[in-house]
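# Descriptive structure summary
The chain contents come next:
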Amino acid sequence: MTDIRNIVVLTGAGISAESGIATFRGPGGLWEGHRVEDVCTPEALVRDPALVHRFYDLRRAALAAVEPNAAHRALARLDAHWPGELLIVTQNVDDLHERAGARRLLHMHGELRSALCARCGARTAWAGDLPPATVCDACGAPALRPDIVFFGEMPYAMERIEAALEACDLFVSIGTSGAVYPAAGFVRTARWRGAQTIELNLDPSDGSVFFHESRMGAASVLVPEWVVSVLGDA
Ligand code: APR
């Protein structure tokens, strides 16, 4: 990896699967138990706020029972030792990257352990249940909602992500099906800018054809191996 300086890593639900957090589209996936339209759209939040808030309360509570796995820990080690630019862009709303020690990280689809004010946009760390109409401390409106980017809403930090993709020499996608945009298009942006592109995934994804290299297997095995290949014995 001699000519690699700037790295962008994209992670999806597959990196947290071995920690016990269900993915979305696999067997027993989250979307098998719930219709996206019922729990992950602005319309659902208006139609049945109690159902939507409860869905995310249950997922937030489940975080206490799971731990980062070797893949999260390997990325945290990369973060600690990589001398060049690094941005870990996660589609996941769990906190396992942070708990493993990652710092150069952003959640493009929001976070379970955060509440968003629908009135003023303030974001607040949130650990417990979040009932509908909870009052926002910043503006006083009874308007706190799960800080989750719903389908049809704009993901967070897209300008920062685009800038990192434009400048990267290596783009690595881990544990994502490539089914949801804009994340599914990142590989093409990176490749068009001349970056090397690698996919580490259990199964071929919708975007496998766009990667220079696709390695199939479990993240807990492939990610530590890949990090060793990048860091050497650092
Ligand atoms: N190791 C590596 N990859 C895995 C593992 C594993 N142990 N287990 C599953 N995978 C892979 C699957 O092969 C699949 O390609 O992880 C991917 C999970 O795909 P999805 O369930 O579609 O999750 P994701 O790609 O993160 O979904 C993207 O869609 O529903 C929305 O907002 C939600 O952020 C989510 C987005």
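See the structure shown above.
Residues numbered from 1 in each chain as written. Predicted model: local features only at pLDDT ≥ 70, side-chain atom pairs only at ≥ 80, totals over all residues. Heavy atoms only, no water.

## Brief notes about the pairing of strand 8 (residues 196-201)
Basically, it comes down to this: Here's how the labels work: a residue is buried when its accessible area is under 20% of the maximum for its type, exposed when over 50%, partly exposed in between, all with a 1.4 Å probe on protein chains only. Only DSSP runs of H or I with at least four residues qualify as helices, and only runs of E with at least two residues qualify as strands; both kinds are numbered from the N terminus onward. DSSP bridges decide pairing: two strands pair if at least two such bridges lie between them. Clockwise travel from the first strand over the helix to the second, with the strands pointing away from the viewer, marks a crossover as right-handed.
For strand 8, a buried count of five out of six residues is recorded, marking the element as mostly surrounded by other parts of the structure. Two strands pair when backbone bridges link them, and strand 7 (residues 170-174) and strand 8 are joined in this way by five bridges, in the parallel orientation. Considered in strand 8, the bridge of Ser173 is made with Glu199. For the crossover from strand 7 across helix 9 (residues 186-192) to strand 8, the handedness is right-handed.

## A short note on the pairing of strand 7
Within strand 7, five of the five residues are buried, which leaves it mostly tucked inside the rest of the structure. Here strand 7 shows two buried faces, one formed by Leu170, Val172 and Ile174 and the other by Phe171 and Ser173. Here strand 1 (residues 7-11) runs beside strand 7; their pairing, made up of five bridges, is parallel. Bridged to Thr11 within strand 7 is Ile174.

## Details of the site of the ligand
Threshold: Being near a molecule or strand, for a residue, comes down to having at least one heavy atom within 4 Å of it. Here a polar contact means two N or O atoms within 3.5 Å. Within protein one must be a hydrogen donor candidate and the other an acceptor candidate, and residues neighboring in sequence count only if both atoms are side-chain atoms. Per-residue accessibility takes into account occlusion by the displayed protein chains alone, with areas from the Shrake-Rupley method and a 1.4 Å probe. Each residue is assigned to one of three groups, with Ala, Val, Leu, Ile, Met, Phe, Trp, Tyr, Cys and Pro labelled nonpolar, Asp, Glu, Lys and Arg labelled charged, and all others, Gly among them, labelled polar.
Around the ligand, the surrounding shell holds 22 residues, and the nearest of these are Phe24, Arg25, Thr176, Ser177 and Asp203. Between the ligand and Leu202 there is a distance of 3.1 Å, counted from a nitrogen atom to a backbone nitrogen or oxygen. Against a free-state accessible area of 730 Å², the protein chains account for coverage of 92% of the ligand. In terms of residue class, the shell around the ligand is built from nine nonpolar, ten polar and three charged.

## Structural notes on the state of the cysteines
The line we're drawing: Criterion for a disulfide: a pair of cysteine sulfur atoms at a distance within 2.5 Å.
Per the stated rule, a full pass over the model turns up zero disulfides. Summary of cysteine pairing: Cys40 is not part of a disulfide, and the nearest cysteine sulfur, belonging to Cys117, is at 19 Å. The class for Cys40 is buried, based on a relative accessible area of 5%. No disulfide involves Cys117; its sulfur sits 3.6 Å from that of Cys136, the nearest cysteine.

## Some words on the nonpolar core
Most often, soluble globular proteins keep nonpolar side chains buried together rather than apart. For clarity, the cut-off: Within this scheme, the nonpolar core is defined by two criteria: the residues are buried Ala, Val, Leu, Ile, Met, Phe, Trp, Tyr or Cys, and they are joined through side-chain atoms within 4.5 Å. What makes two residues a contact is simply this: any of their non-hydrogen atoms within 4.5 Å.
Judged by nonpolar contacts, the single largest core of 25 residues is most densely connected at Ile7, Val9, Leu75, Leu78, Ile174, Val223 and Trp226. Broken down by element, this core gets its largest block of residues, seven residues, from helix 10 (residues 219-231). Excluding anything up to four places from it in sequence, Val223 contacts Ala71, Ala74, Leu75, Ile174 and Leu200. Residues Val8, Val89, Phe186 and Phe211 belong to the second largest nonpolar core, which totals 18 residues.

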